[in-house]
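# Structural description and commentary
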Amino acid sequence: MRIIDIKAMRGPNHWSVKRHKLVIMRLDIEDMEERPTDKIPGFYERITTMMPTLYKHRCSEGHEGGFYERLKRGTWMGHVIEHIALEIQTLAGMETGFGRTRSTGQHGVYNVVFSYIEEPVGVYAARAAVRIAEALVDGTDYDLAADIQKMRELREESRLGPSTASIVDEAIARGIPWLRLNKHSLVQLGHGVHQKRIRATITSKTSNIAVEIACDKEETKDLLESYEIPVPKGRVVRTEEGLKDALDVVGFPCVIKPIGGNHGRGATIGIKSLEEAIPALHKAKEVSRSVVVERFITGFDHRLLVINHQFVAAAKRTPACVTGDGKRTIAELVAEVNTDPRRGYGHEKVLTQIDIDDHTLKILAKRDMTPESVPAKDEIIYLKATANLSTGGTAEDITEIVHPFNIFLAERISRIIDLDICGIDIMAPDLTSPITENGGAVLEVNAAPGFRMHLEPTSGIGRNVAEPVVDMLFPPGAPSRIPIIAITGTNGKTTTTRLTAHIMRSVGHKVGMTCSDGVYIMNRMLMKGDCTGPVSAQFVLKDPLVDMAVLETARGGMLRSGLGFEHCDVGIVTNIAADHLGLQDINTLEDLAHVKSTVPRSVRREGHVILNADDELVMAMRKQCEAKIALFSMDENNRVLRQHLKLGGLGAVYENGFITISKGEWKLRIEKAVNVPLTYGGKAVFNIQNILPAVLAAYTQGVKIEELRQALMTFVPSATQTPGRLNLFQFRNFQVVVDYAHNPHGFEALGRFVDKVPDSPKIGVIAGVGDRRDEDTVNLGKLSARMFDEIIIRQDRNLRGKTDDAIIELLVQGIKEVDPDKKYTIIKKEEEAIRHAIGNAPKGAFVVLCSDVVPDALALVLKLKEEDDQVPFSKEDIPNRNKELVGKTETVVEEHGQ
């Protein structure tokens, strides 16, 4: 079997708008297409022996054991691999269960789709599932345990830590969007201007001064002591000499720890002699230059958590340990403790497995013991110096029994240090009485305290300590989202996007926009190129200036990794027409419509889906949407629109020459289309169609009719406002239009505009694209032959899988089918084709340049127009003027026809 491609969906996608995390593996099962599972001797026995837990998979049968039944009856290997990929993730501690396998229509090639928890694990599971299936088919041994362990390691490398994850989960539960800003724990909660950030339990509200104080243990102790907070005696040292002096003051037993350490790194407790203290000093200096020597306070290790200066939880912590039975060795006792189902690898479960490391060996050596020693019955052997859960420690929730004075003390400490999220370590016999009375002391104040011990204590009640964090960052009523308007469809997306953004800017919004030209923040281009995918969308949503996002959303990004947002407030579908068919298993218009429907299906329930009532494939999307429906149409007598309005619906319509918003049966006329610059006096009918969804989207966002009128009148089509979208240039003797029309539907719309232009002759510069079907390229040739009196065929810079000669041959075929005598010229380089068209254009000509690299074409045309405007000439020079303007072309020109 052969893996052709693996993609990871990260947002709403055409497979599922609810389940964002999906792996899509395109798999060729090759000769296994002829060998379903019931035709493979011993396969059923081998797979059920290797993974008996597959019995729980219901499959399409709807009950446990359903997948086993499918195996017995015979199912194909793609389906089997889907279930294996899901099950091995579950065995690795990441339970997930959504999957489906679909034929691509190509013999033996399937899309195997399954959910994942962590992306690197999901991708690994895809490849591992194929290897496992091949081993099961061949009857060879396979080390499944190695795959399971590898997936656990990948999970620990990629997952959010438990503290960060708990805050993110709480935000999700409240409908607050989030974005991961790096591979570690830096996370953005909310979008645009409303965003807040967290890094583990450091927040965007955390004081930098407070963190610096908390990270300097000596400064923290001195500050607390000045406020009459009980702290242990201690000194800061850097050398062995300083250590000896400090020990004379502090005495034994003592604790030595780095001044800037956390999570117990470099700390040694219970030191009873100088011989023990010296190596402890050097261990601490591996973490920081300065080291704290403190009196060892006897008692139990307690952690109090204060958030927003309010006490929220407390835990009693115990270092990793075993209790002897007089029979087994320490290593055997550790192995038994690690069999506790609550213990797992890393942060996999409530508790972490205990590891016998060098630190453990040193602790044991102090007691003249080794891992092979046999402790006496009921003897407690501590294996770590600190009580961190990450090293195998345990935690008991004691929140409800903390004495009010100790709560007062903890809250006061959080204000003294000025930490918004504060972990206070107290050593005391207990916290049921004031530590000022029972001999306890505050050992440390921690910035970025871990939440795991409170979320899932070993014993006692788990506390949702993430809740007060999100309360602090987003108080009740505080917004977290910005409005998102997403535009998809085949043609008209960019113009609709630009116009929508212009309208919203004109009423005061700070707009972030993505389109096929680039990413714009507050009308400034920050990224150049085709920016219609999820990465560009998230670029806008991450920007702290933006209070509204207008996002062109093309099929490529949706197929590659899904949408860049979970929900939008407005989803527009302009139209569905043939483009890029035959690629990535999108073979029909219905397939294309399904992909594009991802946008309207992702609109939140209280939002608006804006659909083209003149397009049946677009209108069919209504049934899949949960949001309110608004329609637009170029025909006020459109039956579907009239019915929708009669029921009190919202729409936009071109009626009696007006661009009009319809609320129920009431008409709110905005302006006559002929007066709107974008319509070129009403000739650019397709731009009227682009205006309708734009004004409708803006209207749903509270823009008034007069504001819409003013915005339309100030949106002037130009190389800067609408680059490559019907940009008209008036040369002295003729006109030139630059347009991005690149598919039959776009050419037809452009043709209707060209037909209304009285200029003659009409000259078109066209090109085909390699990733279109042959019939689409031939059709472009036909449409060009009907539109233009003369055609210049150039070639795209990116051929996308075909040779330039093959594409040109298809265009010529289409031209000749319409008019065998049509004049056409072949000039492969775009720049030379443009120079030739302008250099040879007769007076009164109308030259249409269909360009795929719009910025380059516009730059050249603007340069030639500037030269045309500046160089004086007499009327007698007109016949030679254009050729002198553009200079000579070096490219070979092939001329055909009349």
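See the structure printed just above.
Calculation rules
Residues numbered from 1 in each chain as written. Predicted model: local features only at pLDDT ≥ 70, side-chain atom pairs only at ≥ 80, totals over all residues. Heavy atoms only, no water. Helix = DSSP H or I, 4+ residues; strand = E, 2+ residues; numbered from the N terminus. Buried < 20%, exposed > 50% of the residue type's maximum accessible area, 1.4 Å probe, protein only. Contact = heavy atoms within 4.5 Å. Areas by Shrake-Rupley, 256 points an atom, 1.4 Å probe, with all protein chains shown as cover. Pairing = 2+ DSSP bridges. Arc of directions from axis to C-beta. Core = buried A, V, L, I, M, F, W, Y, C linked by side-chain atoms within 4.5 Å. Phe/Tyr/Trp six-rings, centres within 6.5 Å; stacked < 30°, edge-to-face > 60°. Lys NZ or Arg CZ within 6 Å of the ring centre and 35° of its normal. Axes fitted to C-alpha atoms, helices over the stretch in contact; angles between N-to-C directions. Parallel < 35°, antiparallel > 145°, perpendicular 65-115°, else oblique. Left-handed = near helix turned anticlockwise from the far one by under 90°. Nonpolar A, V, L, I, M, F, W, Y, C, P; charged D, E, K, R; others polar. Expected span 1.5 Å × (residues − 1). Polar contact = N/O pair within 3.5 Å; in protein donor to acceptor, adjacent residues only side chain to side chain. Patch = residues over 30% accessible without salt bridge, like charges linked within 9 Å, V, L, I, M, F, W, Y side chains within 5 Å. Salt bridge = Lys/Arg side-chain N within 4 Å of Asp/Glu carboxyl O. Lys, Arg positive; Asp, Glu negative; His and termini not counted. Charge placed at Lys NZ, Arg CZ, Asp CG, Glu CD.

### Description of the overall build of the protein
On a plain count of helices and strands, the protein comes out with 31 helices and 39 strands. With the C-alpha coordinates aligned to their principal axes, the bounding extent of the protein is approximately 110 × 75 × 60 Å. Considering the protein as a whole, with its 898 residues, one finds that 56% of them fall into the buried category. Put simply, 68% of the contacts in the protein that link residues at least 6 apart link residues at least 24 apart. Counting only carbon and sulfur atoms, one obtains 50% of the accessible surface of the protein, whose full area is about 38,000 Å².

### Description of the sheet that holds strand β6 (residues 186-189)
Sheets are built from strands paired through backbone hydrogen bonds, the pairs being either parallel or antiparallel. The strand order across the open sheet built from four strands is β5-β6-β7-β8, with neighbouring strands paired in antiparallel fashion. The sheet terminates laterally at β5 (178-180) and β8 (202-203), the two strands that pair on one side only. Pairing geometry for β5 and β6, over three bridges, is antiparallel. Opposite Trp 178, over in β6, you have Leu 189 as the bridge partner.

### Quick word on helix α1 (residues 43-50)
Because an α-helix completes one turn every 3.6 residues, residues spaced three or four positions apart along the sequence face the same direction. Among all positions in α1, only Phe 43, Ile 47 and Thr 48 are buried. Buried residues in α1, looked at end-on, bunch into an arc of 115 degrees, giving them a common side. Considering only its buried residues, α1 is in contact with α2 (66-73), α3 (77-91) and α4 (119-138).

### Some details on the nonpolar core
Among the nonpolar cores identified, the biggest contains 44 residues, and Met 1, Phe 43, Met 77, Ile 81, Ile 84, Ile 88 and Met 151 are the most heavily contacted of them. Among the elements of the structure, β1 (2-9), β2 (22-28), α1, α2, α3, β4 (109-115), α4 and α5 (144-158) are those that each provide at least two residues to this core. If sequence neighbours within four positions are ignored, Ile 84 has contacts with Ile 47, Met 51, Ala 129, Ile 132, Ala 133 and Leu 136. Grouped together as the second largest cluster of nonpolar side chains are 41 residues, Val 599, Cys 625, Leu 641 and Leu 645 included.

### What about the packing of aromatic side chains?
Evaluation of the coordinates by the stated rule reveals six aromatic pairs. Centre to centre, the rings of Phe 405 and Phe 408 are 6.1 Å apart; their planes meet at 50 degrees, and the pair counts as tilted. In this pair, Phe 405 and Phe 408 both sit in helix α13 (residues 404-417), three residues apart, roughly one turn of the helix. Owing to a relative accessible area of 28%, Phe 405 belongs among the partly exposed residues under this scheme. The class of Phe 408 is partly exposed, set by a relative accessible area of 47%. Above the plane of the ring of Tyr 124 lies Arg 131, whose end atom (NZ or CZ) is 5.5 Å from the centre. It is Lys 316 that lies over the ring of Phe 300; its NZ or CZ is 3.9 Å from the centre.

### Here's the deal with the packing of helix α17 (residues 493-506) against helix α25 (residues 705-713)
The geometry of α17 relative to α25 is characterised by a closest axis approach of 9 Å and an angle of 120 degrees between their N-to-C directions. When the axes of α17 and α25 are compared, the pair comes out oblique. Pair α17 / α25 crosses with right-handed handedness. Here Leu 499, His 502, Ile 503 and Ser 506 of α17 come into contact with α25, specifically with Leu 708, Ala 711 and Leu 712. Among the residues making up the contact of α17 with α25, the classes are represented as five nonpolar, two polar and no charged.

### What to know about the environment of Val 23
Locating Val 23 in the fold gives a position in strand β2. A relative accessible area of 0% places Val 23 in the buried class. Each C-alpha atom, one on Val 23 and one on Arg 10, is 9.1 Å from the other, the two residues being 13 residues apart in sequence.

### A look at the pairing of strand β25 (residues 524-528)
Where strand β24 (residues 518-521) meets β25, four bridges bridge the pair, whose relative direction is antiparallel. Bridging from a neighbouring strand, Ile 521 pairs with Arg 524 of β25. Counting the residues that bridge the hairpin from β24 to β25 gives two residues, and of these Met 522 lies at a positive phi of roughly 50 degrees.

### Brief notes about α17
With 14 residues, α17 extends 20 Å from end C-alpha to end C-alpha; this agrees with the ideal 20 Å at 1.5 Å per step. Counting buried residues along α17, 13 of its 14 residues qualify, which places the element largely inside the surrounding structure. Once α17 ends, the next one or two residues include Gly 508, with phi positive near 105 degrees.

### Structural notes on the environment of Asp 420
One can find Asp 420 in the loop between α13 and β20 (421-428). Considering only alpha carbons, one finds Asp 420 and Leu 708, 288 residues apart in sequence, at a separation of 45 Å. Setting aside residues no more than four positions away along its own chain, Asp 420 makes contact with Thr 203, Lys 205, Thr 206, Val 306, Ile 307, Asn 308, His 309 and Met 472. At 2.8 Å, the side chain of Asp 420 and the side chain of Thr 206 are in polar contact.

### Describing the sheet that holds strand β12 (residues 291-295)
Strand order in the open sheet formed by four strands is β9-β12-β10-β11, and the pairing between neighbours is antiparallel. One side of each edge strand has no neighbouring strand; the edge strands of this open sheet are β9 (234-237) and β11 (268-271). Direction aside, the axes of adjacent strands within the sheet are offset by 20 degrees on average. Relative to β12, strand β10 (residues 254-258) is paired through five bridges, and the arrangement is antiparallel. Within β12, the position partnered with Lys 257 by the bridge is Val 292. Each of β9, β10 and β12 touches helix α8 (residues 217-226); the most contacted strand, β9, lies at about 150 degrees to it. Its contacts with the sheet put helix α9 (residues 240-250) on β9, β10 and β12, and the angle it makes with β9 is roughly 180 degrees.

### Points about the pairing of β4
The buried count for β4 comes to seven of seven residues, which makes it a mostly enclosed element. In β4, alternate side chains face the same way, and those of Val 109, Asn 111, Val 113 and Ser 115 on one face and Tyr 110, Val 112 and Phe 114 on the other are all buried. In this structure, β2 lies alongside β4, joined through seven bridges in antiparallel fashion. Bridge pairing in β4 places Ile 24 opposite Val 113. Here strand β3 (residues 99-103) pairs with β4 via five bridges, running antiparallel. The residue of β4 that forms the bridge with Gly 99 is Phe 114. In this antiparallel pair of consecutive strands, β3 and β4, the connection spans five residues, and Gly 105 shows a positive phi of 95 degrees.

### Remarks on a negative patch on the surface
On the surface, Glu 212, Glu 219, Asp 222, Glu 225 and Glu 228 cluster together into a patch of negative charge. Considering every element that reaches the negative patch, the biggest residue donor is α8, with three residues. Note on placement: Glu 228 falls in the loop between α8 and β9. Since its relative accessible area comes to 70%, Glu 228 is described here as exposed.

### Describing the pattern of salt bridges
Opposite charge on two side chains permits them to pair, given that their charged atoms come into close proximity. Applying the stated criterion across every chain yields a total of 45 salt bridges. For Lys 244, the salt bridge goes to Glu 241, with nearest N and O atoms at 3.9 Å. With Lys 244 and Glu 241 both in helix α9 and three residues apart, the pair spans about one turn of that helix. What makes Lys 244 partly exposed here is its relative accessible area of 33%. Owing to a relative accessible area of 53%, Glu 241 belongs among the exposed residues under this scheme. Connected via shared salt-bridge partners are Lys 217, Lys 257, Glu 294 and Glu 444.

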